[in-house]
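One-letter residues, chain by chain:
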Number of protein chains: 2
Amino acid sequence: MSRVSYEEFLAQRAEFVGQEESRALGSDVVLNEDEQKVNEYLMTLKRAELEEGFKSPIKFAPSRHFFTVLDQIKNSPLFQLIQKMPKGGILHAHDTAIGSMETVIKATYQKFLWQNGEFGRPNPPHFKFSKTQPETLEGVEWRSVADVRKELGNEGFDQNLRELLSLFVPDPEVVYPCINHAWGRFFSMFISLEPIVTFRPVWEEYFTNTLKELHADNVTYLEFRGVLPPVYDLEGKVYSPEEIVQIYYDLSEKFKQQHPDFVGVKFIYAPIRAADDATVDGYLREAENLHKKFPTFVAGFDLVGQEDLGRPLTDFNERLLKMSPTIQFFLHAGETNWNGLSTDENLIDAVLLGAKRIGHGFAAVKHPRVLEELKKRNICIELNPVSNQVLKLVDDCRNHVGAIYFSDNYPVVVSSDDPAFWCASPLSHDFYVAFLGLASARQDLRLLKKLALNSIEYSGMTKAEKVEAKHKWNIAWNHFIDQTLQTISQ
Amino acid sequence: MSRVSYEEFLAQRAEFVGQEESRALGSDVVLNEDEQKVNEYLMTLKRAELEEGFKSPIKFAPSRHFFTVLDQIKNSPLFQLIQKMPKGGILHAHDTAIGSMETVIKATYQKFLWQNGEFGRPNPPHFKFSKTQPETLEGVEWRSVADVRKELGNEGFDQNLRELLSLFVPDPEVVYPCINHAWGRFFSMFISLEPIVTFRPVWEEYFTNTLKELHADNVTYLEFRGVLPPVYDLEGKVYSPEEIVQIYYDLSEKFKQQHPDFVGVKFIYAPIRAADDATVDGYLREAENLHKKFPTFVAGFDLVGQEDLGRPLTDFNERLLKMSPTIQFFLHAGETNWNGLSTDENLIDAVLLGAKRIGHGFAAVKHPRVLEELKKRNICIELNPVSNQVLKLVDDCRNHVGAIYFSDNYPVVVSSDDPAFWCASPLSHDFYVAFLGLASARQDLRLLKKLALNSIEYSGMTKAEKVEAKHKWNIAWNHFIDQTLQTISQ
């Protein structure tokens, strides 16, 4: 036995590093000369944050709780560059948690809004739009929001509502000691929000504003999950799921016409998994109906809600297998820290059910056969790093499993889940955390470009739609490269 | 396109689960009838904690900071059973941080101990054994510890010292916000401790007590890293590294004679990595010397200290390659959250240097080529889950990378690093956290048996020593199975 020479060692090491680099996500992307210049600039910004973090980890934004570094990120030149970058589409996000809550807060200035209960109590107040005062609820009278506003002042009212509709707190580690605390609050936010946002005029405004905010964040495609809650109007009409999807469709088409660089929208019907069999049967019938009525706009089916507390896929496999084979599955699975329990084993069901994409897949790294099948079947994992931290799956984002997927070229996209609930931009914050905190220090613009391209590749778009989407994205990308070159050469 | 039938799906799922189970660490272990009964009991205890945790994650000990669940673990019947289990050897632990600090505290009742500085100040006091009062240090006089004891009372003095020699605090998240805080305190503990423990009589007592505590924790082999600090006596003699190793050797032999079921001890010379070239050259000469003088007792070489702040292996590769090829490397590498920086890329050097084992390897999961080589070259990863949590690599132990190694049969052992510094038993706490928090809910007694066997297999023992070690371990294991059967059938 003898050791190799140092020269031989250095050659082996260079080869080894090269092999790892060539396996990393994005390594197949070839950058042209202009892109290489932008890449140099990008990497200068990335390295600056890494070097500071390496010396003093507490300053490294992706290692800290998102709520404590929001201002720091806003001022990061790397973040600002990523904001400007055309990022493709969002493939994992939920109906009423993508667009900013400011739209909702503004909506509460409208007439005919009522409030039941007070702010700051353990049970948050209920809201409802109605021409006349609604019937007393559990002994409590409804008050006109206009009256409440007079009492609290507009600023006071808005601030109260803002706090109600956000997970943000300055001391998240104290307020949310475990996943159930964060999810409890998270779920109650949807409950408070729903009767405001499901008022048809607000519903339409909220959705259109969501698309505007995506567009401003340089996101030009949206494939979102929705529960299709009962949208209503002042005349007492409650809209059917089909009518709600029609509203989504019409508003999307209108937005596309107004914004020719915008690619479009698709919808994944995703009702709540914590439901009894009869309810689920109803959901599945609805899914079939929507699939027939909107064969391209409705991309597929999923089930949502806290996976650990909801029902596992094993409860639904038999039913899901009976669905029309043309209905695609985009299934939440493995959004959990558990290992060998029903929640992480949802991953096995998702794979065998033929899921086209898997939401989160946080636990998949503990399932070697699942990992193999992700590659073999080309099942895309929808990563949502900020969501996973805020909802208590991971503390330091450098430990996020996305790092593993990035290191070995798994089919993945980066998405944002419910960005409005944690004061994040539609996609830029997740891209920033992924690029700086999850990716290797060696991964560069090629990773970001690959993530944008993957969001088209793994979307539910048809082949023709993908061609058009890629064309539009290319134009935007080249424009971004040009603009950035101009900025950095100034 | 059509979906499979439910029957076909169930068959596929069963096969899939079976494939994953057969890849998990320990799946090749065959349990006899008695072991199967013990396994049933073990799994009842494991499932009880998992079920409670699944309902209420905050109650799940491995998901919480170790310091906040010490009492809970002590009362866990699963932990108590694991304590009784013959766990084989400890392959990753550091000289003066394995045995309980109570030995050190007792030693301060000895004559001739002096103290410089006071408890409770930002700079902790210094200690020294000396026949006469040592020379004034930076203007501060040395006081006899006997006098300080009179002032503070024995209880007060002991408690102060106990706090000085432990990372334990009731609010670790507040006191140690990041890795550098924990490591700073950790390093200062070694500094306070050293001049007490390196007094030859204390040195000998501490080491012998360490072996006693191992034995009591049903650990019968120790392969530990040591920096060989300057051991001294009252006559002014400072012992050479060679003399210190001789002391270790003699005490180990004596302990073996007194405890025939104890397998033995080996030493890995592991000086501090944050050193200049000349110092490192001296270390390497010492390593060669010790290797010649103690060809079997000194198992190999390593470098220690906080990896992020120390020098990377790239600084030392050329020198290390010149060392006698019979000196084995057991290298700390990848004890970090970083990705693509010098610290995690130490893993590449460790692999290419031909390391027999790698300490921690926390970052290896982000290096697909390293992962492949671990299996191909059969390089064992020494996992230290409690250490990694306390020293701020991971928050919730369910996210510990060991889960990934366990899921796909990587060569690993579970060890404890510096258990005395965080009030852990020599090995049982790490086995408990690994079995309950890292392993799949499906992994059972076969995993624990495999971990014990791996600690023999991947040790630096000779073939003949391994045969003897396995023989002794088998006897102890069968006794444990018998005893457990008797207890559970009562």
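Residues numbered from 1 in each chain as written. Chains lettered and ligands numbered in written order. Predicted model: local features only at pLDDT ≥ 70, side-chain atom pairs only at ≥ 80, totals over all residues. Heavy atoms only, no water.

## Quick look at the overall build of chain A
Of the regular secondary structure elements, chain A holds 19 helices and 11 strands. A compact globule built from 490 residues would reach a C-alpha radius of gyration of about 23 Å, and chain A, at 23 Å, matches this within 12%. Counting the 490 residues in chain A, one finds 60% classified as buried. At a minimum sequence separation of 6, the contacts of chain A that also span at least 24 residues come to 76%. (Helix = DSSP H or I, 4+ residues; strand = E, 2+ residues; numbered from the N terminus. Rg over C-alpha atoms; globule rule 2.2 N^0.38 Å. Buried < 20%, exposed > 50% of the residue type's maximum accessible area, 1.4 Å probe, protein only. Contact = heavy atoms within 4.5 Å.)

## Some details on the pattern of salt bridges
With the rule as written, the count across this model stands at 70 salt bridges over all chains. A salt bridge links Asp-158 of chain B to Arg-149 of chain B, with the shortest nitrogen-to-oxygen separation between them at 2.8 Å. Since its relative accessible area comes to 11%, Asp-158 of chain B is described here as buried. Take Arg-149 of chain B: its relative accessible area is 7%, and that puts it in the buried class. Ionic contacts of the salt-bridge type, sharing partners, join the residues Arg-23, Lys-375 and Asp-408 of chain A together with Arg-369, Glu-372, Glu-373, Lys-376 and Arg-377 of chain B into one network. (Salt bridge = Lys/Arg side-chain N within 4 Å of Asp/Glu carboxyl O.)

## Some points on helix 19 (residues 463-489) of chain B
Residue and element names in this part refer to chain B. A rise of 1.5 Å per residue sets the reference length of helix 19, with its 27 residues, at 39 Å; its end C-alpha atoms lie 38 Å apart and thus fit the reference within 8%. Those residues of helix 19 lying buried are Lys-466, Ala-469, Lys-472, Trp-473, Trp-477, Phe-480, Ile-481, Thr-484 and Leu-485. Against helix 2 (33-55), helix 4 (77-84) and helix 18 (445-457) lie the buried residues of helix 19. (Expected span 1.5 Å × (residues − 1).)

## Overview of the relation of the copies chain B and chain A
Superposition of chain B onto chain A requires a rotation of 180 degrees combined with a translation of 0.0 Å along the rotation axis, giving an RMSD of 0.0 Å. Put plainly, the chains are arranged around a two-fold axis. In terms of proximity to the rotation axis, the leading residue of chain B is Asp-395 of chain B, whose C-alpha is 3.2 Å off the axis. Both copies share a contact surface, since 100% of the interface residues of chain B are interface residues in chain A too. (Least-squares fit on C-alpha atoms with pLDDT ≥ 70 in both.)

## Some words on the nonpolar core
One finds Tyr-405, Phe-406 and Trp-422 of chain A together with Tyr-405, Phe-406 and Trp-422 of chain B to be the most contacted residues of the largest nonpolar core, which totals 327 residues. With sequence-adjacent residues up to four places away left out, Trp-422 of chain A is seen in contact with Phe-66, Phe-67, Leu-70, Leu-167, Phe-186, Val-386, Ser-387, Val-390, Leu-391, Ser-416 and Asp-417 of chain A. (Core = buried A, V, L, I, M, F, W, Y, C linked by side-chain atoms within 4.5 Å.)

## Regarding the UniProt feature "domain: Adenosine/AMP deaminase N-terminal" (unreviewed entry) in chain A
Mapped onto the present numbering, the UniProt feature "domain: Adenosine/AMP deaminase N-terminal" (unreviewed entry) falls on residues 7-82 of chain A. Summarising residues 7-82 of chain A: 67% helix, 0% strand, and an end-to-end C-alpha distance of 40 Å. (UniProt positions renumbered as here; feature names shortened; annotations may be inferred.)

## Here we look at the interface of chain B and chain A
Every contact between the two is made by 75 residues of chain B and, on the other side, 75 residues of chain A. Carbon and sulfur atoms make up 60% of the surface buried where chain B meets chain A, a total of about 6,600 Å² over both sides. Contact with chain A buries area across many residues of chain B, yet Arg-3, Phe-54 and Trp-338 of chain B alone supply 13% of it, more than any other trio. Joining chain B to chain A, the criterion identifies six salt bridges. Put simply, Asp-349 of chain A and Arg-13 of chain B hold a salt bridge, and the shortest N to O gap is 2.6 Å. The interface formed by chain B and chain A contains 32 residue pairs in polar contact (both at pLDDT 80 or more). For the side of chain B that touches chain A, the secondary structure elements donating two or more residues are helix 1 (6-23), helix 2, helix 8 (179-197), helix 12 (317-321), helix 13 (342-352), helix 14 (368-376) and helix 16 (402-407) of chain B. The leading source of residues in the side of chain B that touches chain A is helix 1 of chain B, at nine residues. When grouped by side-chain class, the residues that make up the side of chain B that touches chain A number 37 nonpolar, 20 polar and 18 charged. (Buried area = accessible area lost by both parts, 1.4 Å probe. Polar contact = N/O pair within 3.5 Å; in protein donor to acceptor, adjacent residues only side chain to side chain. Nonpolar A, V, L, I, M, F, W, Y, C, P; charged D, E, K, R; others polar.)

## Quick word on the sheet that holds strand 3 (residues 126-129) of chain A
All names here are of chain A. Across the sheet, three strands lie side by side as 3-2-4; this open sheet has antiparallel pairing. Edge strands, defined here as strands with exactly one partner in the open sheet, are strand 3 and strand 4 (143-144). As defined by bridge partners, strand 2 (residues 113-116) adjoins strand 4 across two bridges and the pair is classed as antiparallel. Looking at strand 4, one finds that Trp-114 is bridged to Ser-144. (Pairing = 2+ DSSP bridges.)

## Some remarks on the packing of aromatic side chains
One pass over the structure, following the stated rule, counts 54 aromatic pairs over all chains. Judged by centre distance (5.5 Å) and plane angle (40 degrees), the rings of Trp-203 of chain A and Tyr-248 of chain A are tilted. Placement of the pair is Trp-203 of chain A in helix 9 (residues 200-216) and Tyr-248 of chain A in helix 10 (residues 241-258), with a sequence separation of 45 residues. Its end group placed over the ring of Trp-338 of chain B, Arg-398 of chain A keeps NZ or CZ at 4.3 Å from the ring centre. Directly above the ring of Tyr-239 of chain B sits Lys-237 of chain B, whose terminal nitrogen or CZ lies 4.7 Å from the centroid. (Phe/Tyr/Trp six-rings, centres within 6.5 Å; stacked < 30°, edge-to-face > 60°. Lys NZ or Arg CZ within 6 Å of the ring centre and 35° of its normal.)

## Thoughts on the sheet that holds strand 11 (residues 412-414) of chain B
Taking strand neighbours across the sheet as the criterion, the eight strands line up as 1-5-6-7-8-9-10-11 (chain B) in an open arrangement whose pairing is parallel. Two strands bound the open sheet, and with one partner strand each, they are strand 1 (89-90) and strand 11 of chain B.

## Some details on the side chain of Ser-415 of chain A
Residues and elements named next belong to chain A. Relative to the assigned elements, Ser-415 resides in the loop between strand 11 (412-414) and helix 17 (428-438). A polar side-chain atom of Ser-415 sits 2.8 Å from the main-chain carbonyl oxygen of His-92. What Ser-415 contacts, discounting residues up to four positions off in sequence, is Ile-90, Leu-91, His-92, Ala-93, Leu-383, Asn-384, Pro-385, Leu-427 and Asp-430.

## Considerations on unusual backbone geometry
Here the phi dihedral of Lys-392 of chain B falls at roughly 75 degrees; this positive angle occurs in a residue that is not glycine. Within the secondary structure, Lys-392 of chain B is located in the loop between helix 15 (385-390) and helix 16.

## Here's the deal with the environment of Glu-457 of chain B
Residues and elements named next belong to chain B. Looking at the secondary structure, you find Glu-457 in helix 18. When its relative accessible area of 44% is taken as the criterion, Glu-457 is described as partly exposed. C-alpha separation for the pair Glu-457 and Lys-470, spaced 13 residues apart in sequence, amounts to 8.9 Å.

## Quick word on a negative patch on the surface
On the surface, a cluster of negative charge is made up of Asp-171, Glu-173 and Asp-395 of chain A together with Asp-171, Glu-173 and Asp-395 of chain B. The residue Asp-395 of chain B is located in the loop between helix 15 and helix 16 in this model. (Patch = residues over 30% accessible without salt bridge, like charges linked within 9 Å, V, L, I, M, F, W, Y side chains within 5 Å. Areas by Shrake-Rupley, 256 points an atom, 1.4 Å probe, with all protein chains shown as cover. Lys, Arg positive; Asp, Glu negative; His and termini not counted. Charge placed at Lys NZ, Arg CZ, Asp CG, Glu CD.)

## Some remarks on the pairing of strand 2 (residues 113-116) of chain B
Residue and element names in this part refer to chain B. Residues Leu-113 and Gln-115 of strand 2 are buried on one face, and the alternating residues Trp-114 and Asn-116, pointing to the opposite face, are buried as well. As paired elements, strand 2 and strand 3 (residues 126-129) share four bridges and run antiparallel to each other. Note that in strand 3 the partner of Trp-114 across the bridge is Lys-128.

## Notes on the state of the cysteines
For the structure on display, the rule yields zero disulfides over all chains. Cys-397 of chain A takes part in no disulfide bond, and the closest cysteine sulfur, belonging to Cys-178 of chain B, lies 16 Å away. (Disulfide = S-S within 2.5 Å.)

## So, the side chain of Ser-459 of chain A
Residues and elements named next belong to chain A. Residue position: Ser-459 is located in the loop between helix 18 (445-457) and helix 19 (463-489). Residue Ser-459 is classed as buried on the basis of its relative accessible area, which comes to 1%. Here the side chain of Ser-459 touches Ile-456 through a polar contact of 2.8 Å, landing on its backbone oxygen. From its side chain, Ser-459 meets the backbone nitrogen of Met-461 in a polar contact 3.1 Å long.

## Remarks on helix 4 (residues 77-84) of chain A
Structural remark: α-helix, 3.6 residues per turn; residues separated by three or four positions point the same way. Residues and elements named next belong to chain A. Where helix 4 is concerned, the buried positions are Leu-78, Phe-79, Leu-81 and Ile-82. Angularly, the buried residues of helix 4 cover 160 degrees about the axis, an arc narrow enough to put them on a single face. Elements in contact with the buried residues of helix 4: helix 2 (33-55), helix 3 (70-74), helix 17, helix 18 and helix 19. Here helix 4 starts with a cap whose side-chain oxygen sits 3.2 Å from the backbone nitrogen of Leu-78, and that cap is Ser-76. (Arc of directions from axis to C-beta.)

## Digging into the packing of helix 2 of chain A against helix 4 of chain A
Residue and element names in this part refer to chain A. Where helix 2 contacts helix 4, the axes come no closer than 9 Å and their chain directions differ by 140 degrees. As judged from the angle between their axes, helix 2 and helix 4 are oblique. Considering the relative orientation of helix 2 and helix 4, their crossing is left-handed. Residues Tyr-41, Leu-42, Leu-45, Lys-46 and Glu-49 of helix 2 form the contact with helix 4, whose participating residues are Pro-77, Leu-78 and Leu-81. Partitioned by chemical class, the residues of the contact of helix 2 with helix 4 number six nonpolar, no polar and two charged. (Axes fitted to C-alpha atoms, helices over the stretch in contact; angles between N-to-C directions. Parallel < 35°, antiparallel > 145°, perpendicular 65-115°, else oblique. Left-handed = near helix turned anticlockwise from the far one by under 90°.)

## Brief notes about the environment of Gln-306 of chain B
All names here are of chain B. Here Gln-306 shows up in the loop between strand 7 (298-301) and helix 12. For the pair Gln-306 and Leu-445, spaced 139 residues apart in sequence, the C-alpha to C-alpha distance is 34 Å. Excluding anything up to four places from it in sequence, Gln-306 contacts Ile-179, Asn-180, Trp-183 and Arg-273. In terms of polar contacts, Gln-306 uses its side chain to reach the side chain of Asn-180, at 3.0 Å.

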